[in-house]
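Geometric and topological summary
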Protein chains: 4
Amino acid sequence: MFSQSTGMFVAETHTEAVTWYFTVERFLVQGKTQYQEYQICDIPRFGKTLFLDYKIQSSLLDEFIFHELMSQPAMVLHPNPRKVAVCGGGEGATLREALKHNTVEKATMIDIDEELIDMVRVHMPEWHQGAFDDPRTELLHTDARKYLQENKGAGFDVVLSDLPDPLEAGPAVYLFTKEYFQICADAMSDDGVFAMQAGSASINYPYCFVSCLKTLQDMKDVFPYVRGYFGFVCTFMMPWGFILASKKHDPLELTEQEIARRFAERGVKTKYYTPRTHHSVFTLPDYLYEALDQHGRVLTDAEPFVWTA
Amino acid sequence: MFSQSTGMFVAETHTEAVTWYFTVERFLVQGKTQYQEYQICDIPRFGKTLFLDYKIQSSLLDEFIFHELMSQPAMVLHPNPRKVAVCGGGEGATLREALKHNTVEKATMIDIDEELIDMVRVHMPEWHQGAFDDPRTELLHTDARKYLQENKGAGFDVVLSDLPDPLEAGPAVYLFTKEYFQICADAMSDDGVFAMQAGSASINYPYCFVSCLKTLQDMKDVFPYVRGYFGFVCTFMMPWGFILASKKHDPLELTEQEIARRFAERGVKTKYYTPRTHHSVFTLPDYLYEALDQHGRVLTDAEPFVWTA
Amino acid sequence: MFSQSTGMFVAETHTEAVTWYFTVERFLVQGKTQYQEYQICDIPRFGKTLFLDYKIQSSLLDEFIFHELMSQPAMVLHPNPRKVAVCGGGEGATLREALKHNTVEKATMIDIDEELIDMVRVHMPEWHQGAFDDPRTELLHTDARKYLQENKGAGFDVVLSDLPDPLEAGPAVYLFTKEYFQICADAMSDDGVFAMQAGSASINYPYCFVSCLKTLQDMKDVFPYVRGYFGFVCTFMMPWGFILASKKHDPLELTEQEIARRFAERGVKTKYYTPRTHHSVFTLPDYLYEALDQHGRVLTDAEPFVWTA
Amino acid sequence: MFSQSTGMFVAETHTEAVTWYFTVERFLVQGKTQYQEYQICDIPRFGKTLFLDYKIQSSLLDEFIFHELMSQPAMVLHPNPRKVAVCGGGEGATLREALKHNTVEKATMIDIDEELIDMVRVHMPEWHQGAFDDPRTELLHTDARKYLQENKGAGFDVVLSDLPDPLEAGPAVYLFTKEYFQICADAMSDDGVFAMQAGSASINYPYCFVSCLKTLQDMKDVFPYVRGYFGFVCTFMMPWGFILASKKHDPLELTEQEIARRFAERGVKTKYYTPRTHHSVFTLPDYLYEALDQHGRVLTDAEPFVWTA
């Protein structure tokens, strides 16, 4: 009945309720950049897996779920996305998804951690699949917020905000606030679409997600259409929340047929977010609406969200 | 950066990839019946939680997600469920959900583990909420398969199969086979609806679910409508799969309006499976269809499914 | 090669180097007094085991090692111990060891945690073996330091200080200082013997032990003979350090024969600390003398020892 | 009160009672030879540490304790050790200890795992300290038993058997049997001294140690003097047992003065096994004698010891 552990493990604490011990068959790469520690490991069933600061980031098993959700709903919603910004997105897979759309003329990825990207280029080709070398890609290593602020009016059709969770009072904290969302809006075109990863959509810890949703909903003049959506990321062992905020187009009005048409036209193939599943990923469970009412608050630079669990 | 553990934990191995250590604030009840070991614990954020054989079963945080999915799609699909059978369902919450429908005249729960039920009655009132004492309830402690076999033609409108996963070659193994499903069908009315919990719907371990689906799909003459559905159960840290097999009614044809009407008419209130979310829970991700093709096989008493991970 | 955990565990962090997960077959008793949380568990091979604040305290497997070392070297060194004080010693086993000497007329045990002692009486009879009901026993529930201070001149022949480690800035911290040792001395007879448990004697964490040793060595006028000694306590998974401080008698001058004679005369039987092993338990490894030189400091109420690892 | 884990760990199961999770700051080297998997890690407080098959082998913190005990009692007992065999001893530290004696003319180390030794040479210089390159060293990669059998009459003055525990039915199992000990004796000089590491000397698992002791005691004609001894190895978190078997000289007759004289004469410096501690390391606790009576059995090729816990 009882059994005990032998082997190598990476442990991650997920709220006070549970700690995960991931079985490691092999540590492939380990290191430390100016910003974070990283490990790439082989994990049984998950395959190659990236940890940043001992938080699991993505595994070969299902990175496509996260990265398609991160990119495709916004990309497909825009009728003609030519200019795209990816904020963060170190693995290069969000960029990869954006570049699938043959409408894209330029994709600017702004990730502050150059050392990490250099490592990713070499050791995580299954993720970026050459996206960094796509002639349409511009890769910048600076603070995403600062860059967008300096590029007000740049007219990005789509901005994909794939940033680390605001884990402690630190730089990422100010990339989940109203001021940041306004900066994004100001760098977007008049029919621009913004999408962000917004943290856990689990009933156990929906706090970051619902406050981001509340904040964007509070910007009706800027973003008339704000829609939460989610998917289950096996690697994270929880449903994950995203938010789409749009200046002109409403994702709920996109039909399965129209999505299929655009994907076909633009040469896009996906595995999780598909025309068929579009509406279900936008159907949030009631508990998230309850949490929005009870726990959602407008996040500002003065009172940002700080992950505490 | 590093931190280490102090306290009480229940550890559960979930495939070779990961072990979960649940933090325990207090062990409320512990014991061993003829069939299984159990613990009821207080877990931070999860609240009161039941473990059977060191597998987490349900917690106050989100037992409603599992139990609504287990019961409500089948119950609401039947136009007038009067006679219901619950196979297994020890916590009494599947029974509770069925009894919400005021059409029900008799609900027969068949759970072999009398000692466990006696314990549940006393220590898990938040789950059963008095369902065991409902005058419509008949509670039997025998093997569910044997009982249904002996009650061929009993005419159950709904059969809810809430049985433990077929973890090892053991009794539960023969409650996930074509022969068992046939026995269920034979005890059902002509427009009867069968629903079962069928295990993980995660990309990491969809094997049991897709083989149950394959098996029921292979019984077209008996069940013309077989539909997989799923929901994310936070306590299980994965999406969970269910299957509805119906002799006459197709859940995909139920509209949001009709479900709302039936719920209102029958006095049913739910929190996760609602008219609004009905269609999204029946929208399985593509990876499950792929797994069905690749790994699904027809389960029989001769070649049953045995959980190996 | 790999294996993973299933079951119930108590985890204890032992320095930054290692965390111990003790396998629990059953939690027998759990609770919380005014001072501490406790669990009594069945652990494979260890048998019944006590945890206080998630620190393992003693198990049936080898509690005799700790408690004999805690009591017998001091007891046997005194030529005629009639009056004994036990400070702390909640399990009642230090008291039990002292009472083995038929010379003892009165044994005063001062343990502040009355609730814990009440629990121990009922659930840990294998430890106290009736010692609490011995007519020679006086059991007091007050602060040991305060009691001894108020009983200056009481003339205890032996004082056994079996107190919890000074884990954080808290009450126990002031029971490991020069001032406390002086209070003990003042309550002792002119040829009194003091012994204390002083924490880990492992090369990994000898800091508390060597500072207690340094402190008592700094009290030459009071205690001309100060001797560290140690034994391996399997349950603690490390060698454990004790200190004997004596006003008149030197344990190093006791011969094997004399110890055997006294034990026989007084009706004492032991299993770990025996006449044969006396000298080896007083033979500390060199690393402890090195640690004494490098890390030992005189502990005072103003600058006490606080366990930090 | 509660805390949870974050970081990298190596887990080792130590009997059913407890699992150790060692905190890893960095994995320095990892690999797999024909015979075993290995990791070299930085562990807080322990420093650089070697794991073989996920069993902790030695750390910089206290490898000297194990390796001095492994080598020095036998080396110093022989009046003039010129020819030494080291069986196993992969880290090169047992060899290093033997070579400290300037009487040694030739030290033959026989370790079957050439790949491991090649790795050790490069990555564990703190252990071997150049011993592999000492002109007196002969390094062979073959089975130690086979080599000694083929070198009957070789006249080794000292044989140091530093072999892995007989963990499962495998090659090491036949290096803990009477037949192996006889082969060693036959390759030794008339006044040869044999020493072996014999496993845990903890009250929790003394089985291998006491059976090795019983076996060697059963060879009185060959080894008139058989003495168990032990020391606490912090890295192993238990006291560790060794056995010295001698054809002519009895370690119990060596005085502190004589050991000091020999060490001085031969230029040997030690930190744990010293003239002062010699007698205490040979003073086994009573529980080992009890275990010898109850659990000790003569080990043979037909009925060897196989570690089961």
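Definitions and limits used
- Residues numbered from 1 in each chain as written.
- Chains lettered and ligands numbered in written order.
- Predicted model: local features only at pLDDT ≥ 70, side-chain atom pairs only at ≥ 80, totals over all residues.
- Helix = DSSP H or I, 4+ residues; strand = E, 2+ residues; numbered from the N terminus.
- Rg over C-alpha atoms; globule rule 2.2 N^0.38 Å.
- Buried ≥ 20, exposed ≤ 12 C-beta atoms within 10 Å, placed from the backbone.
- Contact = placed C-beta atoms within 7 Å.
- Pairing = 2+ DSSP bridges.
- Axes fitted to C-alpha atoms, helices over the stretch in contact; angles between N-to-C directions.
- Nonpolar A, V, L, I, M, F, W, Y, C, P; charged D, E, K, R; others polar.
- Domains from an automatic or database assignment.
- Least-squares fit on C-alpha atoms with pLDDT ≥ 70 in both.
- Parallel < 35°, antiparallel > 145°, perpendicular 65-115°, else oblique.
- pLDDT = per-residue confidence, 0-100.

1. Some words on the overall build of chain A
Within chain A, the regular secondary structure consists of 10 helices and 13 strands. Rg of the C-alpha trace for chain A: 19 Å, near the compact-globule value of 19 Å for 309 residues, within the 12% margin. With the principal axes as the frame, chain A shows a C-alpha extent of 60 × 45 × 40 Å. Here chain A, with 309 residues, has 56% of them falling under the buried criterion. Counting contacts in chain A only where the partners sit at least 6 residues apart, residues at least 24 apart contribute 68% of the total.

2. A look at the sheet that holds strand β6 (residues 55-59) of chain B
Residues and elements named next belong to chain B. The four strands are arranged β3-β4-β5-β6 in an open sheet whose pairing can be described as antiparallel. Of all the strands in the sheet, just β3 (26-32) and β6 have a single pairing partner and so form its edges. Put simply, the sheet's adjacent strands are angled 20° from each other on average, direction ignored. Bridge count for β3 against strand β4 (residues 37-43) is six bridges, and the pairing is antiparallel. Directly across from K32, in β4, lies its bridge partner E37. Against the sheet, helix α3 (residues 114-123) contacts β3 and β4, and its axis sits at roughly 160° relative to β3.

3. Regarding the interface of chain B and chain A
In this assembly, 35 residues from chain B lie in contact with 36 residues from chain A. Elements supplying a minimum of two residues to the side of chain B that touches chain A: β2 (18-24), β4 and β13 (238-246) of chain B. Here the side of chain B that touches chain A gets six residues from one element, more than from any other, and that element is β2 of chain B. When the residues that make up the side of chain B that touches chain A are grouped by side-chain class, the tally is 18 nonpolar, 10 polar and seven charged. Examined bridge by bridge, strand β2 (residues 18-24) of chain A and β2 of chain B share five bridges and lie antiparallel to one another. The partner of V18 of chain A across the bridge, within β2 of chain B, is F22 of chain B.

4. Describing the environment of F176 of chain D
Residue and element names in this part refer to chain D. As for its position among the elements, F176 is in the loop between β10 (156-162) and α6 (178-186). It is 14 Å that separates the C-alpha atoms of F176 and K146, two residues lying 30 residues apart in sequence. Filtering out sequence-adjacent residues up to four positions away, F176 remains in contact with P166, C212, L299, P304 and F305.

5. Re the interface of chain A and chain C
Each side of the interface is counted separately: chain A has eight residues, and chain C has eight residues. Of the residues that constitute the side of chain A that touches chain C, the class distribution is two nonpolar, six polar and no charged.

6. What to know about the domain arrangement of chain A
Residues and elements named next belong to chain A. Domain annotation of chain A identifies domain 1 (8-59) and domain 2 (63-295). For domain 1 and domain 2, the distance between their C-alpha centroids amounts to 23 Å. Facing 18 residues of domain 1, the contacting portion of domain 2 comprises 16 residues. Elements supplying a minimum of two residues to the side of domain 1 that touches domain 2: β3 (26-32), β4 (37-43), β5 (47-52) and β6 (55-59). The residue inventory of the side of domain 1 that touches domain 2, partitioned by class, reads 10 nonpolar, seven polar and one charged.

7. So, the relation of the copies chain A and chain C
Each copy of the sequence occupies a distinct position, and chain A is placed on chain C by a rotation of 180° and an axial shift of 0.0 Å, giving an RMSD of 0.0 Å. Both copies of the chain, as the preceding transformation shows, are related through a two-fold rotation axis. Residue by residue, 100% of the interface of chain A is reproduced at the interface of chain C, so both copies engage with the same surface.

8. Considering the relation of the copies chain B and chain A
Once chain B has been moved 0.0 Å along the axis and rotated by 180°, it coincides with chain A to within an RMSD of 0.0 Å. When the interface residues of chain B are mapped onto chain A, 100% of them again fall at the interface, so both copies present the same face.

9. Comments concerning the sheet that holds β6 of chain A
Residue and element names in this part refer to chain A. The sheet built from four strands is open, its strands ordered β3-β4-β5-β6 with antiparallel pairing. Looking at which strands have only one partner, the edges of the open sheet turn out to be β3 and β6. Going from strand to strand, the sheet's axes swing by 20° on average, the running direction of each strand aside. Across four bridges, the pairing between β5 and β6 is antiparallel. Bridge pairing in β6 links L50 to S58.

10. Comments concerning the environment of F236 of chain C
With respect to the helices and strands, F236 of chain C occurs in the loop between β12 (225-233) and β13 (238-246). Taking the C-alpha atoms as reference points, F236 of chain C and S58 of chain C, separated by 178 residues in sequence, lie 7.9 Å from one another.

11. Points about the packing of helix α7 (residues 207-217) of chain A against helix α10 (residues 286-295) of chain A
Residues and elements named next belong to chain A. Where α7 meets α10, the closest approach of the two axes is 9 Å, and the angle between their N-to-C directions is 75°. The angle between α7 and α10 places the two elements in the roughly perpendicular class. Between α7 and α10, the residues in contact are Y207, V210, L213 and K214 and L288, A291, L292 and H295, respectively. In the contact of α7 with α10, the residues fall into six nonpolar, one polar and one charged.

12. Overview of α7 of chain A
Residues and elements named next belong to chain A. Taking burial as the measure, the 11 residues of α7 include eight buried ones, the bulk of the element. Along α7, the residues classified as buried are C208, F209, V210, S211, C212, L213, T215 and L216. Looking at the packing, one finds that the buried side of α7 touches α6 (178-186), β11 (188-200), β12 (225-233), β13 (238-246) and α10.

13. Re the pairing of strand β6 (residues 55-59) of chain C
Buried residues dominate β6 of chain C, accounting for four of its five residues. Hairpin geometry of strand β5 (residues 47-52) of chain C and β6 of chain C is characterised by an intervening segment of two residues between the two adjacent antiparallel strands and by a positive phi of about 50° at D53 of chain C.

14. Let's talk about the environment of T108 of chain C
Residue and element names in this part refer to chain C. The topology assignment puts T108 in strand β8 (residues 106-110). A count of 22 C-beta atoms within 10 Å places T108 in the buried class. Ignoring anything within four residues of it in the chain, the contact list for T108 reads A85, E138 and L140.

15. Describing the confidence of the model for chain A
Looking at chain A as a whole, its pLDDT mean stands at 96, while 99% of the residues score no less than 70. The ipTM assigned to the predicted complex is 0.95, against a pTM of 0.95.

16. Points about unusual backbone geometry
Negative phi characterises most residues that are not glycine, and trans characterises most peptide bonds. The backbone phi angle of Q129 of chain C is positive, close to 50°, even though this residue is not glycine. You can see Q129 of chain C is positioned in the loop between α4 (125-128) and β9 (137-140). Unlike most non-glycine residues, M237 of chain D shows phi in positive territory, near 55°. Tracing the chain through its elements places M237 of chain D in the loop between β12 (225-233) and β13 (238-246).

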